[in-house]
Amino acid sequence: MTGEQAERLKRRFRENGTEWRQIDERVDLTRFIMMAKLEKPYAHVHPGETAFTFADGLIVETGAIILSGSRPGARRAAYLAETHFALISENAVFETLGDFLSLTRPPWHKLCGPALTLICGPSRTADIEKTLVMGAHGPRRLIVGTAPPELIKEMLDEGRA
Amino acid sequence: MRLGLFIPCFVEQLRPQVGLATVDLLDRLGLDWTYPDKQTCCGQPAFNAGYGGECVHAARHFLELFRDFEQVVAPSGSCVAMVRRYVELDGLSAGERSLAADLAPRVFELSEYLVRRLGRTRLGARLKTRAAFQDSCHAQRSLGLVEEPRRLLAEVEGLDLVDQPNLDCCGFGGVYSVKMPEFSLMQADDRLAAALDANCEMIIGTEPSCLMHLEARARHRDLPIRMLHIAEVLAGERA
Amino acid sequence: MKASLSIRLAARAAARDGQLRENLRRSTELSLEKRRKLVEDIPNYSRHRGNLAASRRESVRRMDSLLAEAVERLESAGIRCHLAGDAEEAQRLVLEICGDLRRIVKGKSMVSEEIGLNAALEAAGKEVVETDLGEYIVQLRGEAPSHITAPALHLNRRQIAELFERELGMEYSEDPETLTAAAREHLRDRFLKAQVGITGANFVVAETGTIILVENEGNIGLASTLPPVHIAVTGIEKILPRLIDADAALRLLPVNGTGQRSTAYVSFISSPAPEMSGPQEVHVIFLDNGRRRLAERGDARALACIRCGACLNVCPLFRRVGGHGYGSVYPGPIGILTTPFLIEGAEGHGLENSLADACSLCEACAEVCPAEIPLPDLIRGAREEKAAAAPALGRITWKIFGRLCAHPTLFRVAGWFARRLPASVLRGLTPAWSLGRALPRSSRYRFRTLLAERRRR
C-alpha cells in the first residue's frame, strides 16, 4: 500500500464508519487480537459477540474489505457479530472493484469459495425518514487491522506451533 | 445569411409579444431574417400524444417551408427539439428523412442562437427586478441549454436573477395539463411557490408554453408574480 | 377502474395529504442530493454508465442464451436452478423446495412482490417475515412497499413509532436508532430459527455462475447464510454476461439507488456451503412472468432496468403521489412500461390501460437512468399503442390537427374561429384546464398581423 493509497483509504474508511488500525509492530498485532478477545480465530460466533476474521484484501476506491467464503465460519461471523475485527495483509490492496474482478490468479472460483463478501463498513439502514442508523442487522462496528504479511505469517506459524 | 424565423403556434395566437420581441432582437443585431407566412405548427402536440403519424404532416410542411434557409431560429426549445426529431418519424420518405437530418443542425432556439452561433451575450437590455429563472425541460435536456440563457440574463442591467436549479417540470407537458390536471397544478404551484418564497416578482424563461401555463395558474390564484419570455427581456427596456 | 383515473384520484388525495407530500419530498430530495454529489465526484462516471448500458443491452439481447449459460454454471457448482413461466409456477416451485419447512425469512425482493409470493406462502401455512427494515415496517402495516429501494419512504418516524408501539409492544419512541434496535432484536430470533431464506438477486453472472446480492442492513447476508436452504428468485433479464460487467453495475446501482458509493455488503454466491457454515442447499428460480412478451410486444429496452429507483426519485408525479398511487409494485416511469406485462391484475395491466399518460415527458428520468433506458421515448411509444386503440373521436381530432398543420389557410381559419370562441365555450371544451387555471388571454391580433402592421409603418 502506498502512502497515497493509505490517505485515500483513510478518507473512505471515515466516510463508511470503518475503524482502522495500521499495524507495524508485533506488539500492536497482539493488542489488536486481544481487543477481539478471542483466543483463536473462526470461533463459532454467537450473536452479540465479537468476531475476528482474516480477510483477503482491500479495495481502495470504496474502502471495502474482501472476505472470501473459503474461510470456514467467516461469512457467518461477519454478519452475526456485534463487532467485527478483520485482519488483512497490507499488501493485498486493489485500487478498484474492476481490478479485483479482473484477477486471474487465483482463479475466481477458488478465491470466491462458496460466497465472497465485500464489506464497506458497519451494517446500516436509512429506512426511517432517510436517517442513517448504524447496526441494522449486521455488526455495529467494523474494525480493520492492516499489517505486514510477514508479521501475520509469523503470528500464524507461532499459533500452529 | 438567410435566417428563417419560426414562431410557435400559440405564441402566434396567444402571446405575439414574444414574437415581436424576437423580431426586435434580430433587427437590432442587423440580421436578415424572413418569416415564412405559410408556417403552421411544429407538430409536437400530436407527437407527444402518441400520434406520430399525424405529426408527419406537420413535419413535411415545416421541412418544405424552411429547407432553403441557412439557419432557422425559434423562441422555443420544445419546437426546436421537435424539429430535430423529425428524422425519427415513421412515414417520411427517404428524401424527406434526409432533408430532416440536413435541417436539424440548422435550427436553433433563440438563446442558443444568440450565444452559440452569434457569440453574443450583451444585448444592452435593462430590467430592474428580482426574477427566478425557469429552466424548461426541453431546453435543458433535449438541447443542453443551461448556461446560455443564464449568460444572456447575467448581462441584463439591474436584473437580480435567482437561480433555482433542480426544480421539477412546471407541469404543462402539452395535453398532460388536461390529462393529469391534479399533478399539473401541484407542479405549477410548487414552481410558483419556489419563486415567491425567494421574493421574486417575475419568472423569466425560454419556453413560452411553460410561462403560459404558470401565468394561467398564477392569475387563477391571484398571485403577485409575472412571467416574461427571455426575448421580451432582451428586447425590452434599454440600458 | 382505469389506471389513469386511479392515479389522478391518488393525486387528489396526495394534494390534501401534506404529511405524505413532505415525506416524499424530503426522501427523494435527499437521495437526489447524494446522487448528484457522487456523480460529480466519481471519475469517468459517464464511461461507466456507457459500459453498464452496453452490458445491459447485451443481457436483454442474449437473454435466452445467457440464461442457459448461467444455469449450466450454477448447476455445475451445486446450485439448483428452476425456470418459472409465470407467478403461479414460481409460487409452486418455492413451495416444493420448502417442502415441510415452515419458518421463512425474506430479504427484499421486487420479484417476490411481483409474484405475490408472501401471500401464497402464508396461504400454504408458512411463516414468512420480511427482514429488510422498510419491508418489515410495511409488512406490519399490511401495506405494499411504496418505492423500489425505500419501501417505507411514504412514512415518517411518528407513524413508525406508533406502529412499533402497537405491534411490538415497545415503549413509544420516535428515535430511529431505538426503532431500528427494536426491529433488530425482534428479528434476530427469527434469523436464528429460520429454515428457509428467500432473497432476490440483483444480478446473476453467466460466465462464472455467480449470484450477486447488494444490501446495507446485513439481513440478506443473514437470510442467505444462516438457514439451511437459500432460495433466490430473480427475473430472466437480470443475467450479466461476464464477471467484469458487475464492475459498472456495482458502481452505479448504489449511487443511483441509495446515493451511496457502495452498499455495506456485496455478496457473490457461487455454491452451497454446508462445511463453511453456509446453506446446505441453494436454489435459483428464474422468472419469466411476461418478460419475454415485453421483449416482443413492448420494448425490450425496458428490460435493461437494474431496479435502482432513480427514475422514481426524479419523476414529478412519483415525487407527489408516491408508489401506492400507481397501483403496482413497479411504480414511476419504469413501472409505466413494465406493469402492463408483468403484473396481472394491477391497474396498469394491458397496454390499452397503461399509465402512459401519467408522464409530462420532462425527461428527467432518462437523464439519470444508469442503464441509459430511453424512458420518455418508450412511454411515448406506449402512447402510440394506446392511440391505435383509442376511441374514434380522439383519433379523428388528431387527424384533423395533422391535416391543419399541412394546410396554412385552414390552419389560419381554425385559429380565427378558436380565438373568437366565447370563454364559456372554451372552458366547457377543456374543463380540466379551467379547474384551476385562467384561460390564456388570446391576443386581439395574431403575430403575423402585428408584424405586417409594423412593416407598414
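Before reading on, note that the structure itself is shown above.
Remember, it's a predicted structure, so these values are computed and weren't measured experimentally.

(A) A look at the interface of chain B and chain C. At the junction of the two partners, chain B supplies 61 residues and chain C supplies 65 residues. Each partner contributes to the roughly 5800 Å² buried at the junction of chain B and chain C, and carbon and sulfur atoms together form 59% of this total. The three residues of chain B that bury the most area against chain C are Gln-13, Tyr-51 and Phe-183 of chain B, which together make up 12% of that side's buried surface. Put simply, chain B and chain C have 16 salt bridges between them. Lys-399 of chain C is the salt-bridge partner of Glu-54 of chain B, the closest N and O atoms lying 3.9 Å from each other. At the junction of chain B with chain C, the criterion picks out 32 residue pairs in polar contact (both at pLDDT 80 or more). Within the residue set of the side of chain B that touches chain C, elements represented by two or more residues are α1 (9–14), α2 (16–28), α3 (44–48), α4 (52–66), α8 (137–142), α10 (176–179), α11 (181–197) and α12 (208–220) of chain B. For the side of chain B that touches chain C, the residue count by class is 29 nonpolar, 18 polar and 14 charged.

(B) Structural context of a nonpolar patch on the surface. A contiguous nonpolar patch, built from Met-1, Leu-5 and Leu-9 of chain C and spanning about 300 Å² of accessible area, is present on the exposed surface. Note that Leu-9 of chain C resides in helix α1 (residues 3–16).

(C) Fine view of the side chain of Arg-320 of chain C. Along the chain, the position of Arg-320 of chain C falls in helix α15 (residues 318–321). A relative accessible area of 5% means that Arg-320 of chain C is categorised as buried. At 2.7 Å, the side chain of Arg-320 of chain C and the side chain of Asp-168 of chain B are in polar contact. Not counting the four nearest positions on each side in its chain, Arg-320 of chain C is found in contact with Asp-168, Phe-183, Met-186, Gln-187 and Asp-190 of chain B together with Ala-14, Arg-21 and Leu-24 of chain C.

(D) Main features of the interface of chain C and chain A. Across the boundary between the two partners, chain C contributes 65 residues, which contact 50 residues of chain A. Both faces combined, the contact of chain C with chain A buries some 4700 Å², and carbon together with sulfur accounts for 59% of it. Considering only the side of chain C, the residues that lose the most area to chain A are Arg-184, Tyr-265 and Phe-268 of chain C, jointly responsible for 15% of the buried surface there. Viewed at the interface, chain A and chain C are joined by 4 salt bridges. Where Glu-129 of chain A meets Arg-157 of chain C, a salt bridge forms, and the shortest distance between an N and an O atom there is 2.7 Å. Mapped by element, the contributors of at least two residues to the side of chain C that touches chain A are α2 (18–41), α8 (133–141), α9 (157–168), α10 (176–193), β6 (210–215), α11 (219–225), α12 (245–258) and β9 (265–269) of chain C. The leading source of residues in the side of chain C that touches chain A is α10 of chain C, at 10 residues. Within the side of chain C that touches chain A, the residues separate by chemical class into 30 nonpolar, 23 polar and 12 charged. Bridge analysis of strand β7 (residues 115–119) of chain A against β9 of chain C gives 5 bridges, and the strand direction is antiparallel. Pairing of Leu-118 of chain A across the sheet is with Val-266 of chain C, part of β9 of chain C.

(E) Broad picture of the packing of aromatic side chains. Counting across every chain of the model gives 21 aromatic pairs over all chains. On the numbers, 6.5 Å between centres and 65° between planes, the contact of Phe-32 of chain A with Phe-52 of chain A is edge-to-face. Taken together, the residues Phe-32 of chain A in helix α2 (residues 26–35) and Phe-52 of chain A in strand β2 (residues 50–54) connect sequence positions 20 residues apart. Since its relative accessible area comes to 2%, Phe-32 of chain A is described here as buried. Clustering of aromatic rings is evident, with ring pairs tying together Phe-6, Phe-62, Phe-66, Phe-69 and Tyr-86 of chain B. Above the ring of Trp-433 of chain C, the side-chain terminus of Arg-437 of chain C is found at 4.4 Å from the ring centroid.

(F) Structural context of the pairing of strand β3 (residues 71–74) of chain B. Residue and element names in this part refer to chain B. Of the two faces of β3, the one holding Gln-71 and Val-73 and the one holding Val-72 and Ala-74 are both buried throughout. Bridge count for strand β1 (residues 3–5) against β3 is 3 bridges, and the pairing is parallel. When the bridges of β3 are listed, Leu-5 appears paired with Val-73.

(G) Geometry of helix α20 (residues 408–420) of chain C. In a regular helix each residue adds 1.5 Å, so 13 residues correspond to 18 Å; α20 of chain C covers 18 Å between its end C-alpha atoms and thus fits that length. The inward-facing, buried residues of α20 of chain C contact α1 and α4 of chain B together with α19 (392–406) of chain C.

(H) The packing of helix α3 (residues 45–61) of chain C against α12 of chain C, seen in detail. Residue and element names in this part refer to chain C. Between α3 and α12, whose axes approach to 9 Å, the crossing angle comes to 115°. By the angle class used here, α3 and α12 are roughly perpendicular. α12 is crossed by α3, and the crossing has left-handed handedness. Every residue of α12 that contacts α3 at Tyr-45, His-48, Arg-49, Asn-51, Leu-52 and Ser-55 is listed here: Asp-245, Ala-248, Ala-249, Arg-251, Leu-252, Val-255 and Asn-256. Taken together, the residues of the contact of α3 with α12 sort by class into 6 nonpolar, 4 polar and 3 charged.

(I) Representation of the sheet that holds strand β2 (residues 103–106) of chain C. Residues and elements named next belong to chain C. Strand order across the open sheet formed by 6 strands is β1-β10-β7-β4-β2-β3, with parallel pairing between neighbours. Because the sheet does not close on itself, it has two edges, and the strands there are β1 (80–84) and β3 (127–130). Along the sheet, successive strands turn relative to each other by an average axial angle of 20°, direction set aside. Direction of pairing for β1 relative to strand β10 (residues 281–287): parallel, over a ladder of 5 bridges. Paired with Cys-81 across the two strands is Val-284, which belongs to β10. Relative to β1, helix α4 (residues 63–76) is tilted by about 150°, and along the sheet it contacts β1 and β10.

(J) Examining α11 of chain B more closely. Residues and elements named next belong to chain B. Across its 17 residues, α11 extends 23 Å between first and last C-alpha, which sits within 8% of the 24 Å expected from 1.5 Å per residue. Of all 17 residues in α11, 13 are buried; the element is thus mostly enclosed. Just downstream of α11, Asn-199 is the residue with a positive phi angle, here 60°.

(K) Representation of the sheet that holds strand β3 (residues 57–59) of chain A in the model. Ordered in space as β6(A)-β3(A)-β4(A)-β7(A)-β9(C)-β6(C)-β5(C)-β8(C), the 8 strands form an open sheet in which the pairing is mixed. The open sheet has two edge strands, β6 (93–94) of chain A together with β8 (239–240) of chain C, and neither has a second partner. In the sheet, β3 of chain A pairs with strand β4 (residues 64–67) of chain A via 3 bridges, with the strands oriented antiparallel. Looking across to β4 of chain A, one finds that Ile-59 of chain A is bridged to Ala-64 of chain A.

(L) Looking closely at the nonpolar core. Core analysis: the biggest nonpolar cluster contains 132 residues, and Phe-100 and Leu-118 of chain A together with Ile-231, Phe-268 and Phe-286 of chain C have the highest contact counts within it. Looking at this core element by element, the count peaks at 7 residues for α12 of chain C. If we ignore the near neighbours within four places in the chain, the residues touching Phe-100 of chain A are Ile-59, Ile-66, Phe-94, Trp-108, Leu-111, Leu-116 and Leu-118 of chain A. Formed by 44 residues, the second largest nonpolar core is a distinct cluster that contains Ala-86 of chain A together with Val-138, Ala-194 and Tyr-265 of chain C.

Cut-offs and rules
Residues numbered from 1 in each chain as written. Chains lettered and ligands numbered in written order. Predicted model: local features only at pLDDT ≥ 70, side-chain atom pairs only at ≥ 80, totals over all residues. Heavy atoms only, no water. Contact = heavy atoms within 4.5 Å. Buried area = accessible area lost by both parts, 1.4 Å probe. Salt bridge = Lys/Arg side-chain N within 4 Å of Asp/Glu carboxyl O. Polar contact = N/O pair within 3.5 Å; in protein donor to acceptor, adjacent residues only side chain to side chain. Helix = DSSP H or I, 4+ residues; strand = E, 2+ residues; numbered from the N terminus. Nonpolar A, V, L, I, M, F, W, Y, C, P; charged D, E, K, R; others polar. Patch = residues over 30% accessible without salt bridge, like charges linked within 9 Å, V, L, I, M, F, W, Y side chains within 5 Å. Areas by Shrake-Rupley, 256 points an atom, 1.4 Å probe, with all protein chains shown as cover. Buried < 20%, exposed > 50% of the residue type's maximum accessible area, 1.4 Å probe, protein only. Pairing = 2+ DSSP bridges. Phe/Tyr/Trp six-rings, centres within 6.5 Å; stacked < 30°, edge-to-face > 60°. Lys NZ or Arg CZ within 6 Å of the ring centre and 35° of its normal. Expected span 1.5 Å × (residues − 1). Axes fitted to C-alpha atoms, helices over the stretch in contact; angles between N-to-C directions. Parallel < 35°, antiparallel > 145°, perpendicular 65-115°, else oblique. Left-handed = near helix turned anticlockwise from the far one by under 90°. Core = buried A, V, L, I, M, F, W, Y, C linked by side-chain atoms within 4.5 Å.

That is the geometry; function is a separate question.
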